[in-house]
Amino acid sequence: MSEPVSDKGLHTRDLTVRYGGLVANDSVTIDVEPGKVVGLIGPNGAGKTTFVDAVTGFTACEGEILLDGTRIDALPPHERRTAGLSRTWQSGELFGNLSVAENLLVAARAGGWRTLVRDIFVPRRKKSDDVVARALDVVGLGDVADTLARDLSLGQQKLVGVARALAGGAEVLLLDEPAAGLDSMESQSFAGRIRSIADSGPGVLLIDHDMSLVLGVCDTVTVLEFGKQIFTGTPAEARTDPTVVAAYLGAPVEATHA
Ligand SMILES: Nc1ncnc2c1ncn2[C@@H]1O[C@H](COP(=O)(O)OP(=O)(O)OP(=O)(O)O)[C@@H](O)[C@H]1O
């Protein structure tokens, strides 16, 4: 495996999670650098969500987790969050009775001590409004800023969930099946938005079973099988790698997203 270009972003080293006798993650080493989209794929039960749980502090693990070169594996989840790690959940997480912009404002103002210190020097309202507008712009939802979240399509709601993580100041976004339930058109447009998000700065870890989405948008892909990291490389390499094909893809996958 090649060494990362910089220590910016999220890096795990030999991350291992044990549930009793089950090794759900076995020495997983992944680099999510700023501006990059990294796919994490594998069969059901391979350990993908476990990896996100461990990185975000919701399950105990061994090994190292670094954010911008600093160990964060001893921090509780909320401190990893304020340090810049943000995850979206498989289930809906929006306030349906609030507008899209209000949903983002909640996240933009929910910072830790850094936000508090910043707010002493910068007028809070203006700063938060700017952050919200920027996040909506990146995901292409500026036109529906005043629409109630419950009135959006499923695809738009998923994007609001991602925009909310951005508005909260995420440096690394961990997206666990963000495209689940979307039709192929929505999924394709979602892929473009994920690329725009990475281009705007953050690193993105993307878990999804839609292989044309993952292999189309990611810079690199890691494949898990029974907790073991059996492959890390480019999508082009993954498509034809015999181990990946045998463990998960079943047959070489064509790219549909540019
Ligand atoms: N809290 C837990 N306690 C015990 N075992 C668990 C726990 N969470 C997950 N597991 C087990 O760990 C393994 C990995 O599960 P995980 O949910 O991480 O897989 P996954 O790759 O995300 O699967 P899917 O694609 O179905 O979401 C599975 O065998 C699962 O049953």
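Residues numbered from 1 in each chain as written. Predicted model: local features only at pLDDT ≥ 70, side-chain atom pairs only at ≥ 80, totals over all residues. Heavy atoms only, no water.

Draft legend 1. Quick peek at the overall build of the protein. In terms of regular secondary structure, the protein is built from 10 helices and 11 strands. Counting all 258 residues of the protein, 49% fall into the buried class. Within the protein, contacts between residues at least 6 apart in sequence are counted, and of these 67% link residues at least 24 apart. Looking at the protein as shown, the accessible area adds up to about 12000 Å², and 54% of this sits on carbon and sulfur atoms. (Helix = DSSP H or I, 4+ residues; strand = E, 2+ residues; numbered from the N terminus. Buried < 20%, exposed > 50% of the residue type's maximum accessible area, 1.4 Å probe, protein only. Contact = heavy atoms within 4.5 Å. Areas by Shrake-Rupley, 256 points an atom, 1.4 Å probe, with all protein chains shown as cover.)

Draft legend 2. Local environment of the packing of helix 3 (residues 100-108) against helix 6 (residues 154-167). Axis separation between helix 3 and helix 6 bottoms out at 8 Å; the angle between their running directions is 35 degrees. The hand of the helix 3/helix 6 crossing is right-handed. Contact residues: Val100, Asn103, Leu104, Ala107 and Ala108 in helix 3; Val160, Ala163, Arg164 and Ala167 in helix 6. Split into classes, the residues belonging to the contact of helix 3 with helix 6 amount to 7 nonpolar, 1 polar and 1 charged. (Axes fitted to C-alpha atoms, helices over the stretch in contact; angles between N-to-C directions. Left-handed = near helix turned anticlockwise from the far one by under 90°. Nonpolar A, V, L, I, M, F, W, Y, C, P; charged D, E, K, R; others polar.)

Draft legend 3. Broad picture of the site of the ligand. Around the ligand, 13 residues are found, and the nearest of them are Asn44, Gly45, Lys48, Thr49 and Thr50. Between the ligand and the protein, one listed contact pairs an oxygen atom with a backbone N or O atom of Gly45 at 2.8 Å. Here an oxygen atom of the ligand sits 2.7 Å away from a polar atom, N or O, in the side chain of Lys48. Relative to its unbound accessible surface of 640 Å², the ligand loses 58% to contact with the protein. With 3 residues, helix 1 (residues 48-56) is the single largest residue contributor to the shell around the ligand. (Near = heavy atom within 4 Å. Polar contact = N/O pair within 3.5 Å; in protein donor to acceptor, adjacent residues only side chain to side chain.)

Draft legend 4. Main features of the environment of Val139. Mapped onto the fold, Val139 is located in helix 5 (residues 124-139). When the C-alpha atoms of Val139 and Gly192 are compared, they prove to be 9.0 Å apart, with 53 residues separating the residues in sequence. Beyond its immediate chain neighbours, meaning those up to four positions away, Val139 contacts Leu159, Ala163, Leu166, Arg193 and Ile197.

Draft legend 5. Representation of the pattern of salt bridges. Enumeration over the complete set of coordinates arrives at 8 salt bridges. Asp26 is the partner of Lys228 in a salt bridge, and the nearest nitrogen-oxygen pair spans 2.7 Å. Of this pair, Lys228 sits in strand 11 (residues 228-233) while Asp26 is found in strand 2 (residues 22-28), placing the two residues 202 residues apart along the sequence. A salt bridge links Arg87 to Asp53; the nearest nitrogen and oxygen atoms lie 2.9 Å apart. Highlighted residues: Arg87 in strand 7 (residues 85-88) and Asp53 in helix 1, separated in sequence by 34 residues. For Asp53, a relative accessible area of 18% puts it in the buried group. In this structure, a network of salt bridges that share partners links the residues Glu64, Arg71 and Asp73. (Salt bridge = Lys/Arg side-chain N within 4 Å of Asp/Glu carboxyl O.)

Draft legend 6. Region of interest: the environment of Met211. Looking at the secondary structure, you find Met211 in helix 8 (residues 211-217). Note: C-alpha distance between Met211 and Arg239 (28 residues apart in sequence) is 9.6 Å.

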